[in-house]
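These are the residues of each chain, in order.
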Amino acid sequence: MCSSDLLLRCAGANYPEAARRGQIYGSLRMLVAIRPDGTLENVEILQSSGESVLDQAAIEIVNMAAPFEPFPEAMRAEADILEIIRTWRFHEGNSLTSY
């Protein structure tokens, strides 16, 4: 399965240049829905950071990290879509955390 470590590594390598230059930081809440084969069903900003550059960067980071590992067989029997809701925080110093 996808790990938050994979997304955070991808995010660190792809921190938005416009945010870096403009020293733009903030938090957003995002839904990521994953199909059993690891492909994306949906990526949606639930609560904006108020900065479109950060919101769009978060969506692009998830898209770059996809596809994820397929669901294990036991999980496929229980779920047809895995929905993950996390808060992403773009920090000063060009880092990202998720909780």
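Residues numbered from 1 in each chain as written. Predicted model: local features only at pLDDT ≥ 70, side-chain atom pairs only at ≥ 80, totals over all residues. Heavy atoms only, no water.

> Outline the pairing of strand S2 (residues 40–47), supporting the account with residue identities and numerical values.
Where strand S1 (residues 26–34) and S2 come together, six bridges link them in antiparallel fashion. Counted as the bridge partner of Arg29 is Gln47 from S2. Adjacent in sequence and paired antiparallel, S1 and S2 are bridged by five residues, among which Gly38 carries a positive phi angle near 95 degrees. (Pairing = 2+ DSSP bridges. Helix = DSSP H or I, 4+ residues; strand = E, 2+ residues; numbered from the N terminus.)

> Give me the lowdown on the nonpolar core, citing residues and values where you can.
The biggest cluster of nonpolar side chains holds 20 residues, and the ones touching the most others in it are Leu28, Met30, Leu40, Val62, Trp88 and Phe90. Every element with two or more residues in this core is listed here: S1, S2, helix H3 (52–65) and strand S3 (82–91). Phe90 has contacts with Tyr15, Pro16, Tyr25, Gly26, Leu28, Leu54, Ala57, Ala58, Ile61, Ser95 and Leu96, leaving out every residue within four places of it along the chain. (Core = buried A, V, L, I, M, F, W, Y, C linked by side-chain atoms within 4.5 Å. Buried < 20%, exposed > 50% of the residue type's maximum accessible area, 1.4 Å probe, protein only. Contact = heavy atoms within 4.5 Å.)

> Any chance you could break down the sheet that holds S2 for me, citing the residues and the numbers?
Read across the sheet, four strands follow the order S2-S1-S3-S4 without closing on themselves; strand pairing throughout is antiparallel. Strands with a single pairing partner mark the edges of an open sheet, and in this sheet they are S2 and strand S4 (95–98). Taking the axes of each pair of neighbouring strands and ignoring which way they run, one obtains an average angle of 30 degrees across the sheet. Sheet strands touched by H3: S1, S2 and S3. Its angle to S1, the strand with the most contacts, is close to 35 degrees. (Axes fitted to C-alpha atoms, helices over the stretch in contact; angles between N-to-C directions.)

> Explain the side chain of Ser49 to me, and be specific about the residues and the numbers.
With respect to the helices, strands and loops of the structure, Ser49 is situated in the loop between S2 and H3. In terms of polar contacts, Ser49 uses its side chain to reach the side chain of Asp55, at 2.8 Å. The contact partners of Ser49, leaving out residues within four places of it in the chain, are Gly26, Ser27, Leu28, Leu54 and Asp55. (Polar contact = N/O pair within 3.5 Å; in protein donor to acceptor, adjacent residues only side chain to side chain.)

> Outline the pairing of S4, listing residues and values.
Pairing of S3 with S4 involves four bridges; the strand directions are antiparallel. Bridge pairing in S4 places His91 opposite Ser95. Hairpin geometry of S3 and S4 is characterised by an intervening segment of three residues between the two adjacent antiparallel strands and by a positive phi of about 95 degrees at Gly93.

> Break down H3 for me, citing the residues and quoting the values.
The first and last C-alpha atoms of H3 sit 20 Å apart over 14 residues, in line with the 20 Å expected at 1.5 Å per residue. Among the residues making up H3, those that are buried are Leu54, Asp55, Ala57, Ala58, Ile61, Val62 and Ala65. In a view along the axis of H3, the buried residues occupy a sector of 165 degrees, so they form one face of it. (Expected span 1.5 Å × (residues − 1). Arc of directions from axis to C-beta.)

> So what about the environment of Pro16? Which residues, and what values?
Topologically, Pro16 is positioned in the loop between helix H1 (4–13) and helix H2 (17–22). Separated by 37 residues in sequence, Pro16 and Val53 place their C-alpha atoms 7.2 Å apart.

> Let's hear about the side chain of Thr87: which residues, and what values?
Structurally, the position occupied by Thr87 is in strand S3. Among the polar contacts made by the side chain of Thr87, one reaches the side chain of Arg29 at a distance of 2.9 Å. Excluding its chain neighbours within four sequence positions, the residues that come into contact with Thr87 are Ser27, Leu28, Arg29, Thr97, Ser98 and Tyr99.

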